[in-house]
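# An overview of the molecular structure
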There are 2 protein chains.
Amino acid sequence: MGRESFWKEDPSELLRAAPGLRLADVDPDGHPGIHGSKHDGATALKLGADILADLQELLFADSRLGDRRRILLVLQAMDSAGKGGIVKHVMGSVDPQGVALTAFKKPTEEELGHDFLWRVSKAVPGPGLIGVFDRSHYEDVLIGRVRQLAPPEEIERRYDAINGFERGLVAGGTTIIKVMLHISRDEQRKRLGDRLDRADKHWKFNPGDIDERERWDDYQRAYEVAFERTSTPEAPWYVVPANHKWYARLAVQHLLIDALEAMQLEWPKADFDVDEQRARLAAS
Amino acid sequence: MGRESFWKEDPSELLRAAPGLRLADVDPDGHPGIHGSKHDGATALKLGADILADLQELLFADSRLGDRRRILLVLQAMDSAGKGGIVKHVMGSVDPQGVALTAFKKPTEEELGHDFLWRVSKAVPGPGLIGVFDRSHYEDVLIGRVRQLAPPEEIERRYDAINGFERGLVAGGTTIIKVMLHISRDEQRKRLGDRLDRADKHWKFNPGDIDERERWDDYQRAYEVAFERTSTPEAPWYVVPANHKWYARLAVQHLLIDALEAMQLEWPKADFDVDEQRARLAAS
């Protein structure tokens with residue numbers, strides 16, 4: 001847990017999706033690994049922000065001298081669970097030059113003409129970056145499954161295809177962190193209601209969100225199957241209780257910090273003769 | 001100047017490249033439009049950060065309901081002038097979802113096989129976004145001219161091609177802000193020296209930076225020609241004194257705020273029946 005003194009217990013282990021996990025057994029109001037309140041959470045998030053920004057700069061610096069490592073954070077959740085807040089409040093602390101964010105929408109006609117991994121393959125982060133997928137290839141086994149957007153055998157095929165795809169990314173130097181933000185059905189009603197009540201939030205509301213909400217249980221089941229089939233040692237899923245936004249942000253921030261600390265990054269050595277360049281500079 | 005009370009005079013007008021501008025006449029140590037020091041500058045930047053973030057959210061919200069407007073900030077400068085600092089400290093305050101950053105490096109073989117505008121055309125920001133070009137199509141008339149990377153008649157052709165390209169972007173809803181960060185030759189020596197002196201900055205140093213530094217006067221002249229040929233009413237150039245980093249950041253932040261305030265953005269109206277959706281939500 002390194003420099004983030006506010007964690008009482010490492011949340012990485014507490015949040016990792018265990019085999020056979022049932023979402024009904026995970027308390028969306030929980031805050032595993034930390035005591036405290038919303039106020040403490042905000043203070044902790046600021047501390048973590050500096051740590052994360054420093055580590056990302058190291059990762060970026062190393063990549064300039066050939067290090068191939070990078071991070072891919074996959075964010076999945078029911079509507080209003082707080083993906084956007086993670087991007088804004090966790091990724092927002094990192095130098096924009098170090099972040100590659102892709103928000104995946106309903107596939108276009110062209111995208112539908114290709115394998116489901118085509119569009120995500122093009123969006124994977126380069127060396128030194130933290131890539132963030134706001135929704136991802138998992139939509140193709142979540143809404144894809146719930147709405148039967150493909151034949152059952154194609155949905156089945158996709159789990160293995162995803163594992164193969166992710167293995168390739170890991171082999172190429174990517175640390176993959178897959179996060180499901182877990183809110184309760186009641187909390188979603190409250191949040192969607194808030195969007196309807198505030199004129200400055202109307203743009204965030206989409207009537208289709210209620211259509212999906214009506215399939216809540218199907219989605220929960222589709223997530224459980226996805227965890228079962230694609231939570232691998234090299235690309236694990238984390239289920240992050242998200243009824244408390246402060247907790248979810250802090251937890252995802254920690255997962256990123258943890259991954260970066262595991263890399264044991266150091267400033268890269270100069271690939272030029274420093275004294276020689278000093279002399280050239282003085283003469284210029 | 002709206003809500004940014006710290007400006008004594010609107011810097012937009014003060015910084016706009018006037019016809020016939022000579023860089024030797026612009027003091028790189030200056031801070032036009034504002035009194036104060038580095039400390040005041042940091043406080044002001046924080047105030048401006050919230051204003052900028054709020055305005056960008058409005059722009060983004062409007063784009064979700066069909067508004068086509070967007071911003072393109074073009075950053076050009078001699079090495080070490082602070083482009084990266086602008087991205088980190090000015091753009092860093094904006095929700096990452098609202099920023100589309102592209103850093104243009106030495107063109108690849110594939111890029112060289114196309115017209116010079118090919119790669120930039122693919123990187124222009126979508127509606128609702130602030131696009132940032134860290135270097136840009138202007139490299140093709142800057143290093144392109146200084147290093148004679150193309151025949152003189154091709155360099156000549158490019159100024160008009162740029163104006164045509166930018167006119168098209170403006171017609172499509174883009175506000176273009178072109179910034180040259182202006183540092184002195186002595187300040188560059190100091191900054192490059194600092195990179196050589198600090199092991200945690202070596203990765204930012206490139207021996208090629210000194211090669212370009214040796215052509216200082218040629219570059220200054222190439223910038224002047226670029227201003228002369230491409231500073232148009234719809235896509236003006238701004239020359240921002242940048243020996244003081246705090247000033248350059250504040251000035252660029254203001255140019256963005258100014259452009260967004262000129263759009264007179266309002267929260268978009270809901271394109272659904274709010275009461276009907278409330279009833280659906282309650283029943284779900």
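None of the values given here were measured: they were computed from a predicted structure. (Residues numbered from 1 in each chain as written. Chains lettered and ligands numbered in written order. Predicted model: local features only at pLDDT ≥ 70, side-chain atom pairs only at ≥ 80, totals over all residues. Heavy atoms only, no water.)

Moving on to helix α6 (residues 139-146) of chain A. All names here are of chain A. When you tally the buried positions in α6, you get 6 out of 8 residues, the bulk of the element. Of the surrounding elements, those touching the buried residues of α6 are β1 (70-77), α7 (152-171) and α10 (216-230). The first or second residue beyond α6 is Q148, which carries a positive phi of 50°. (Buried < 20%, exposed > 50% of the residue type's maximum accessible area, 1.4 Å probe, protein only. Helix = DSSP H or I, 4+ residues; strand = E, 2+ residues; numbered from the N terminus. Contact = heavy atoms within 4.5 Å.)

To continue, consider the relation of the copies chain A and chain B. Mapping chain A onto chain B calls for a screw motion: a turn of 180° about the axis and a shift of 0.0 Å along it, with 0.0 Å RMSD after fitting. Both chain copies can therefore be described as sitting about a two-fold axis. (Least-squares fit on C-alpha atoms with pLDDT ≥ 70 in both.)

Once that is clear, we can look at the interface of chain A and chain B. Contacts between chain A and chain B engage 44 residues on the former and 44 residues on the latter. Counting each side, the surface lost to burial between chain A and chain B is near 3900 Å², with a carbon and sulfur contribution of 64%. Broken down residue by residue, the surface that chain A buries against chain B is led by W203, L281 and S284 of chain A, which jointly contribute 19%. If you look at where chain A meets chain B, you find 4 salt bridges. In this structure, the salt-bridge partner of R278 of chain A is D197 of chain B, at a minimum N-O distance of 2.9 Å. The interface formed by chain A and chain B holds 14 residue pairs in polar contact (both at pLDDT 80 or more) in total. Among the secondary structure elements, those contributing two or more residues to the side of chain A that touches chain B are α2 (38-64), α3 (83-89), α8 (185-197), α9 (207-213) and α12 (274-283) of chain A. Taken together, the residues of the side of chain A that touches chain B break down into 21 nonpolar, 7 polar and 16 charged. (Buried area = accessible area lost by both parts, 1.4 Å probe. Salt bridge = Lys/Arg side-chain N within 4 Å of Asp/Glu carboxyl O. Polar contact = N/O pair within 3.5 Å; in protein donor to acceptor, adjacent residues only side chain to side chain. Nonpolar A, V, L, I, M, F, W, Y, C, P; charged D, E, K, R; others polar.)

Before going further, it helps to spend a moment on the sheet that holds strand β4 (residues 174-182) of chain A. All names here are of chain A. Taken in spatial order, the 5 strands make up an open sheet running β2-β3-β1-β4-β5, and their pairing is parallel. The two strands at the open ends of the sheet, each matched to only one other strand, are β2 (99-103) and β5 (237-241). Between one strand axis and the next, the sheet turns through 20° on average, direction left out of account. Direction of pairing for β1 relative to β4: parallel, over a ladder of 8 bridges. Within the sheet, the bridge partner assigned to L72 lies in β4 and is I176. Seen against the sheet, α10 touches β1, β4 and β5 and runs at an angle of roughly 155° to β4. (Pairing = 2+ DSSP bridges. Axes fitted to C-alpha atoms, helices over the stretch in contact; angles between N-to-C directions.)

The values reported here are purely geometric and, on their own, carry no functional implication.
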